[in-house]
Amino acid sequence: MAKRVNIIGGGIAGCALAYMIKREGGEPVIYEAAPRMYEDEPEHDCSTYNPRYSAQWDENAKYFSMGYFEALRLFEEFGGKGFNWDQCGTLQLMANEKKARRYSKTVASWNENGWSEEDICLVSAKEASDIAGLEVEKECMFLKRSGVVSPLRICSKLIKSVEVKLNQKVEDAAALEGDATVLACGAKVTLFEEAAHLPISSVRGQVTFIRETEVSSKVRTTINYGGHISPSLNGVQYIGATFQPWLKHTKVLPEDDDQNIHNLCERFPALAGEYDVVAGKAGMRSAARDHFPVIGRLSDKVYISAAHGSFGFTSSLASAIILAKKIVKNEDVISEDVIKKMSPGRFGKA
Ligand SMILES: Cc1cc2nc3c(=O)[nH]c(=O)nc-3n(C[C@H](O)[C@H](O)[C@H](O)COP(=O)(O)OP(=O)(O)OC[C@H]3O[C@@H](n4cnc5c(N)ncnc54)[C@H](O)[C@@H]3O)c2cc1C
């Protein structure tokens, strides 16, 4: 009989997990506290998708590579361009000597471990400028197939034939009937007894959607420079993001939009000018003390997929593949070092 897996939380982590559980032959059920989870036609929903980089071919690199290549595969499966994702490429600015050394090492070690030069390479400032459509003063790391995506639209595709219970705020994970229950409820995971001991905390951030100007509309790739800017999608560009551990709310602040615009113009003087803010969106990134995601078993039937930090899209996909295979088939899809590095067990038990 198919294994019934309860998933608490209908964000990208929960939706990705539901999709993978189904793919493995299990029966996922999502419990979501909110009255709505995703939208087919969301206004202003945009995220960058890229791996979290590390200089060596280590646990981080293996984990995020799995999520990144799964993202590329899924976008093809779901119909590719045209539903709000743009494989426009990502330039990662080598803004200082430290970053230049680090990214050079990243490219060398990832090229030796399955990433082709098409997937990741270094480009000169001149090449970066030609790629970006904007003068870029420094050398960059370039990921040709990275870009931007609408997580809400992807979620709607991921859970097409999944049972979803809306307005269902779960308080006791162990009380749900089924073969396994996964806490995939972002910053709220530590409210559950099984996860209360985990050092997971949240950092507020805000992104800004600006109306393109004649100059900014020339940007052709996503550029990460500490902040980031996307190419124009229907006349709107996505920039961000603020990082405010001291703020505990997700109210949109006009001064944060100003800050995002200021940071952009400071980095790229060619983009300096007045911008109309179309929308701002604020949220919480939850992260563990060591900045690695927390994925694995917490107790007999309770698992966790949380602390996906600033790389929620690729991290959610990688964690979903790992957990679905483990829960439904009791198999490991990635090497033991990665599983240990991400395991909640690394923080001991309360
Ligand atoms: C400003 C900002 C910019 C970002 N930019 C990017 C980016 O460009 N690229 C990227 O990859 N990531 C980005 N991130 C990170 C990304 O948004 C997160 O990592 C990701 O959303 C985490 O997804 P999640 O499903 O784990 O959690 P969430 O999105 O928080 O979803 C958790 C869900 O669980 C539900 N829930 C909570 N408690 C309960 C309960 N008791 N019962 C039932 N349901 C419950 C909530 O209602 C919610 O729907 C950004 C984050 C911020 C704040």
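Keep in mind it's a predicted model, so treat the numbers as computed, not measured.

Definitions and limits used
- Residues numbered from 1 in each chain as written.
- Predicted model: local features only at pLDDT ≥ 70, side-chain atom pairs only at ≥ 80, totals over all residues.
- Heavy atoms only, no water.
- Helix = DSSP H or I, 4+ residues; strand = E, 2+ residues; numbered from the N terminus.
- Rg over C-alpha atoms; globule rule 2.2 N^0.38 Å.
- Contact = heavy atoms within 4.5 Å.
- Areas by Shrake-Rupley, 256 points an atom, 1.4 Å probe, with all protein chains shown as cover.
- Lys, Arg positive; Asp, Glu negative; His and termini not counted.
- Charge placed at Lys NZ, Arg CZ, Asp CG, Glu CD.
- Near = heavy atom within 4 Å.
- Polar contact = N/O pair within 3.5 Å; in protein donor to acceptor, adjacent residues only side chain to side chain.
- Phe/Tyr/Trp six-rings, centres within 6.5 Å; stacked < 30°, edge-to-face > 60°.
- Buried < 20%, exposed > 50% of the residue type's maximum accessible area, 1.4 Å probe, protein only.
- Domains from an automatic or database assignment.
- Buried area = accessible area lost by both parts, 1.4 Å probe.
- Pairing = 2+ DSSP bridges.
- Axes fitted to C-alpha atoms, helices over the stretch in contact; angles between N-to-C directions.
- Parallel < 35°, antiparallel > 145°, perpendicular 65-115°, else oblique.
- Nonpolar A, V, L, I, M, F, W, Y, C, P; charged D, E, K, R; others polar.

Asker: Explain the overall build of the protein chain here, please?
Answerer: Of regular secondary structure, the protein chain possesses eight helices and 17 strands. Relative to a compact globule of 350 residues, whose C-alpha radius of gyration would be 20 Å, the protein chain shows 20 Å and is just as compact. Taking the contacts inside the protein chain whose residues are at least 6 apart along the sequence as the reference set, 75% of them involve residues at least 24 apart. Summed over all atoms, the accessible surface of the protein chain reaches about 15,800 Å², with 48% contributed by carbon and sulfur. Of note, the protein chain has its 43 positive side-chain charges centred 3 Å away from the centre of its 46 negative side-chain charges.

Asker: Looking at this model, I keep getting lost on the site of the ligand. Mind explaining?
Answerer: In the vicinity of the ligand lie 32 residues, with Glu32, Thr48, Val170, Gly309 and Phe313 positioned nearest. Measuring from an oxygen atom of the ligand, one finds a side-chain N or O atom of Glu32 at 2.6 Å. Between a nitrogen atom of the ligand and a side-chain N or O atom of Ser47, the distance comes to 3.3 Å. Surface burial for the ligand is 79%, taken as the share of its 1,000 Å² of free accessible area covered by protein chains. Elements represented by at least two residues in the shell around the ligand include exactly α1 (12-23), β3 (47-49), β11 (200-211), β15 (277-288) and α7 (312-329).

Asker: Which parts of the structure should I look at to understand the packing of aromatic side chains?
Answerer: Both the distance between ring centres and the angle between the ring planes are used here to describe each pair of aromatic rings. This model, assessed by the stated rule, comprises 15 aromatic pairs. Taken together, a centroid distance of 5.0 Å and an interplanar angle of 90 degrees make the contact between Tyr63 and Phe64 edge-to-face. What makes Phe64 buried here is its relative accessible area of 2%. Here the aromatic rings of Tyr68 and Trp115 are separated by 5.1 Å at their centres, their planes lie at 15 degrees, and the arrangement is stacked. Note that Tyr68 is positioned in helix α2 (residues 59-77) and Trp115 in the loop between α3 (97-111) and β6 (121-123), a separation of 47 residues in sequence. For the residue pair Tyr68 and Trp115, the accessibility class agrees, reading buried in each case. An aromatic cluster is present here, built from Tyr49, Tyr53, Trp57, Tyr68, Phe69, Phe75, Tyr103, Trp110, Trp115 and Phe313 joined pairwise through their rings.

Asker: For this particular structure, what's the right way to read the domain arrangement of the protein chain?
Answerer: Put simply, an interface is often sized by how much accessible area is lost when its parts join up. Splitting the protein chain by domain gives domain 1 (4-42 + 152-196 + 290-347) and domain 2 (77-148 + 202-288). Using only C-alpha atoms to locate each centre, domain 1 and domain 2 end up separated by 27 Å. Regarding the contact of domain 1 and domain 2, the summed buried area is about 1,100 Å², with carbon and sulfur atoms giving 62% of it. For domain 1, the biggest contributors to the area lost against domain 2 are Tyr19, Arg153 and Lys157; these three give 38% of the whole. Linking domain 1 with domain 2 are five residue pairs in polar contact (both at pLDDT 80 or more), by the criterion used here. Among the elements that take part in the side of domain 1 that touches domain 2, helix α5 (residues 151-158) stands out by supplying four residues, more than any other.

Asker: What exactly am I supposed to notice about the sheet that holds strand β7 (residues 140-143) here?
Answerer: The pairing of strands in a sheet comes from backbone hydrogen bonds and takes either a parallel or an antiparallel form. As summarised here, the arrangement of the eight strands in space is β6-β7-β5-β12-β13-β14-β11-β15, forming an open sheet in which the pairing is mixed. In the strand order of this sheet, the two ends are held by β6 and β15, each with one partner. As judged from the two bridges shared by strand β13 (residues 228-229) and strand β14 (residues 236-240), these two strands associate in the antiparallel manner. Residue pairing across strands places Ile229 opposite Ile239, the latter belonging to β14.

Asker: Mind showing me how you'd approach the packing of α1 against α2 here?
Answerer: The axes of two packed helices give the description: the angle between them and the distance between them. Where α1 meets α2, the closest approach of the two axes is 14 Å, and the angle between their N-to-C directions is 80 degrees. The orientation of α1 with respect to α2, classified from their angle, is roughly perpendicular. Residues Tyr19, Met20 and Arg23 of α1 pack against Glu70, Arg73, Leu74 and Glu77 of α2. Of the residues in the contact of α1 with α2, the class split is three nonpolar, no polar and four charged.

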